[in-house]
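These are the residues of each chain, in order.
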Amino acid sequence: MVKGISKQVIVVRPPDRELFEQAIFILKDGTGAVSSAELLHQARQAADAYLRTRTRGGRRKGLRAMPLVFALLGAFTASVLWIVGLVLY
């Protein structure tokens, strides 16, 4: 425990608690000019962005399938070119 230091935090609790119970954001010093509604909005955006990239519904799932798609496309193209080459010669 550190004495003499106080930090402001925002705690965001998601409606469904499947993945996590709460997210804790530690504010930088000098954020007094920003409204509390704006701080809460930015914290929710950060939590949502994290969940989109880390869960099944995020973009990372689609990126895993790309090598397979390109491999199949390349195999199909090579097969078509080979068959066309056999027919022409």
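Residues numbered from 1 in each chain as written. Predicted model: local features only at pLDDT ≥ 70, side-chain atom pairs only at ≥ 80, totals over all residues. Heavy atoms only, no water.

A. Structural detail: the overall build of the protein. Scanning the protein from terminus to terminus reveals two helices and two strands. Starting at the N terminus and walking to the C terminus, you meet the elements of the protein as β-β-α-α. Relative to its 89 residues, the protein shows a buried fraction of 11%. If you take every contact in the protein between residues at least 6 apart in sequence, the share linking residues at least 24 apart comes to 22%. Here the protein has roughly 8,200 Å² of accessible surface; of this, 61% comes from carbon and sulfur atoms. (Helix = DSSP H or I, 4+ residues; strand = E, 2+ residues; numbered from the N terminus. Buried < 20%, exposed > 50% of the residue type's maximum accessible area, 1.4 Å probe, protein only. Contact = heavy atoms within 4.5 Å. Areas by Shrake-Rupley, 256 points an atom, 1.4 Å probe, with all protein chains shown as cover.)

B. Region of the structure containing helix α1 (residues 36-54). Taking 1.5 Å per residue, 19 residues should reach 27 Å; α1 reaches 27 Å between its end C-alpha atoms and fits that length. Inspection of α1 places L39, A43 and A47 among the buried residues, and these make up the whole buried set. One face of α1 carries all of its buried residues, which in axial projection span an arc of 65°. Opposite the buried face of α1, at more than 90 degrees from it, the exposed residues are A37 and R52. Residues of α1 that are buried sit in contact with β1 (9-12) and β2 (23-26). (Expected span 1.5 Å × (residues − 1). Arc of directions from axis to C-beta.)

C. Broad picture of the nonpolar core. If you look at the biggest cluster of nonpolar residues, it comprises five residues: I10, V12, L27, L39 and A43. Every element with two or more residues in this core is listed here: β1 and α1. In this structure A43 touches I10, V12 and F25, once residues within four positions along its chain are discounted. (Core = buried A, V, L, I, M, F, W, Y, C linked by side-chain atoms within 4.5 Å.)

D. Inspection of a nonpolar patch on the surface at higher detail. Side chains of F76, V80, V84, L88 and Y89 sit close together on the surface and give an oily, nonpolar patch of about 620 Å² of accessible area. Residue placement: V84 occurs in helix α2 (residues 60-88). Residue V84 is classed as partly exposed on the basis of its relative accessible area, which comes to 41%. (Patch = residues over 30% accessible without salt bridge, like charges linked within 9 Å, V, L, I, M, F, W, Y side chains within 5 Å. Salt bridge = Lys/Arg side-chain N within 4 Å of Asp/Glu carboxyl O.)

E. Fine view of the environment of E21. Examined against the element boundaries, E21 turns out to sit in the loop between β1 and β2. Judged by relative accessible area, E21 falls into the exposed class, the value being 53%. Setting aside chain neighbours within four positions, we find E21 in contact with R13 and P14.

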